[in-house]
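Each chain is listed here by its residues.
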There are 2 protein chains.
Amino acid sequence: MAEERGRRPGNPQTRESILEAAIESFVTEGYGGTTIRAVARTAGVDPALVMHFFGSKDKLFEAAINGTMPVALLVEAIDGDEEHLGERLVRRYLGLWEDPVHGPKLAAVVRSAAATPATAELLKELMTRELLGPVARSLSHDHAHIRGLLAASQLLGLAAMRYLLKIEPLASLPADLVVAAVAPGIQRYLTGTLSLAEATVVPR
Amino acid sequence: MAEERGRRPGNPQTRESILEAAIESFVTEGYGGTTIRAVARTAGVDPALVMHFFGSKDKLFEAAINGTMPVALLVEAIDGDEEHLGERLVRRYLGLWEDPVHGPKLAAVVRSAAATPATAELLKELMTRELLGPVARSLSHDHAHIRGLLAASQLLGLAAMRYLLKIEPLASLPADLVVAAVAPGIQRYLTGTLSLAEATVVPR
């Protein structure tokens with residue numbers, strides 16, 4: 001019972017408090033402005049305990065992104081007929097950006113990645129492993145990985161212009177119309193004819 | 001003749017030296033790290049002269065972006081049959097990013113815009129006026145502005161993943177294959193059927 005009280009190594013609540021403080025700091029201060037010391041102070045623990053749980057600022061950031069990015073909710077959109085995969089992905093993706101909880105966190109992480117190469121690197125790794133991998137594996141077509149990347153490039157650019165730069169009239173276009181406009185292109189990237197045949201022969 | 005010597009107001013070479021120093025500083029130090037004073041020092045002029053020519057740091061930055069972004073080279077790609085507009089734009093766009101002079105400048109400006117809201121705002125204005133306007137005016141279709149923005153979202157996301165994040169295998173894919181993969185979607189955005197009919201009725 002005594003084990004449950006206080007903030008000590010091994011207490012899952014302590015780890016959670018540190019993670020929350022870290023997400024808060026990364027979102028508001030960015031990667032560069034976040035220190036192990038400040039995160040520890042916010043969480044009310046010793047900096048050594050932050051290191052005990054996470055090992056390094058990089059690892060802490062990776063855990064924070066993992067705890068922030070609703071990747072699993074996007075991966076769920078894979079389930080269903082391949083013919084409507086593009087539409088499901090775009091609809092779910094817009095839904096996440098427009099969600100009052102997930103949207104601001106996504107915006108903060110993407111802004112942070114744009115400003116900091118180290119952040120971009122970690123985000124890239126996470127997205128490749130957690131999102132692009134599952135999507136590519138679900139496709140029955142050649143060049144599944146490049147197909148996923150092309151789709152991701154459209155989705156990233158769309159979010160940047162609609163949700164980060166808020167460029168009108170794209171920013172105010174009803175989500176249904178955005179889905180109607182964008183999903184066919186995503187579907188084509190994922191399952192259409194792309195003339196990527198030479199890509200494996202001439203990778204340059 | 002004496003008019004040609006020295007660095008005084010009215011001397012175009014002085015303005016050019018200041019602009020070069022400003023571009024150099026914005027690219028290496030970013031918007032936040034650039035000061036009128038430092039630009040003046042690099043250009044070997046009095047800070048008052050920088051203000052005389054450009055009026056404010058914002059205006060100096062706008063002139064620097066104007067001097068950096070090879071917008072005119074993209075706008076040239078508009079000329080030709082509308083049926084191949086997408087292919088011409090994508091090909092020219094990739095060519096600029098892969099150009100040894102323009103590419104690094106484009107990357108620096110986009111990185112700077114991603115990190116600084118004020119930079120993003122200026123870049124947004126410039127792109128809308130100088131690039132999107134001409135492209136939209138060249139289209140004979142409804143919703144030309146939204147069409148241009150959708151195309152721009154794909155092009156922006158593509159550059160981010162291929163040239164800034166350098167995600168493989170997209171980063172090493174030969175440009176011809178990227179054009180073949182991406183141009184049909186750009187063409188569809190610009191001249192295809194997008195079901196945007198309600199967009200003017202329900203702008204929300």
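Residues numbered from 1 in each chain as written. Chains lettered and ligands numbered in written order. Predicted model: local features only at pLDDT ≥ 70, side-chain atom pairs only at ≥ 80, totals over all residues. Heavy atoms only, no water.

**Q** Could you give an account of the confidence of the model for chain A, with specific residues and numbers?
**A** Residues and elements named next belong to chain A. With 91% of its residues at a pLDDT of 70 or more, chain A has an overall mean of 85. Contacts of residues 1-7 to residues separated by more than four positions or lying in other chains number 12 contacts, the stretch itself having pLDDT below 50. pLDDT under 50 marks residues 199-204. Its contacts with residues more than four places away, or in other chains, come to 12 contacts. (pLDDT = per-residue confidence, 0-100. Contact = heavy atoms within 4.5 Å.)

**Q** Could you give an account of the relation of the copies chain A and chain B, with specific residues and numbers?
**A** Aligned on chain B, chain A shows an RMSD of 0.0 Å; the corresponding rotation is 180 degrees and the shift along the axis is 0.0 Å. What the rotation and shift describe, once combined, is the action of a two-fold rotation axis. The C-alpha atom lying nearest the rotation axis in chain A is that of G157 of chain A; the distance is 1.9 Å. Both copies contact each other with a shared surface, as 100% of the interface residues of chain A are interface residues in chain B too. (Least-squares fit on C-alpha atoms with pLDDT ≥ 70 in both.)

**Q** Tell me about the side chain of R162 of chain A, residues and numbers included.
**A** All names here are of chain A. For R162, the position within the fold is in helix α9 (residues 144-164). The class for R162 is buried, based on a relative accessible area of 2%. Here the side chain of R162 touches L170 through a polar contact of 2.9 Å, landing on its backbone oxygen. (Helix = DSSP H or I, 4+ residues; strand = E, 2+ residues; numbered from the N terminus. Buried < 20%, exposed > 50% of the residue type's maximum accessible area, 1.4 Å probe, protein only. Polar contact = N/O pair within 3.5 Å; in protein donor to acceptor, adjacent residues only side chain to side chain.)

**Q** Quick rundown of the interface of chain A and chain B? Include the residues and the values.
**A** Tallying the contact residues gives 43 residues for chain A and 43 residues for chain B. Taking both partners together, chain A and chain B bury about 3,500 Å²; carbon and sulfur atoms supply 67% of that area. The interface formed by chain A and chain B holds 0 salt bridges in total. On the surface where chain A and chain B come into contact, there are 10 residue pairs in polar contact (both at pLDDT 80 or more). (Buried area = accessible area lost by both parts, 1.4 Å probe. Salt bridge = Lys/Arg side-chain N within 4 Å of Asp/Glu carboxyl O.)

**Q** I'd like a description of the packing of aromatic side chains, backed by residues and values.
**A** Residue and element names in this part refer to chain A. Inspection of the entire model under this criterion finds 8 aromatic pairs over all chains. With 6.3 Å between their ring centres and 50 degrees between their planes, F53 and F54 make a pair best called tilted. Consider the rings of W97 and Y163, whose centres lie 5.4 Å apart with planes at 5 degrees: the pair is stacked. In this pair, W97 is assigned in helix α6 (residues 85-98) and Y163 in helix α9, connecting sequence segments 66 residues apart. Among the residues examined, Y163 registers a relative accessible area of 13% and is labelled buried. Put simply, the rings of Y93, W97 and Y163 pair up and form one aromatic cluster. (Phe/Tyr/Trp six-rings, centres within 6.5 Å; stacked < 30°, edge-to-face > 60°.)

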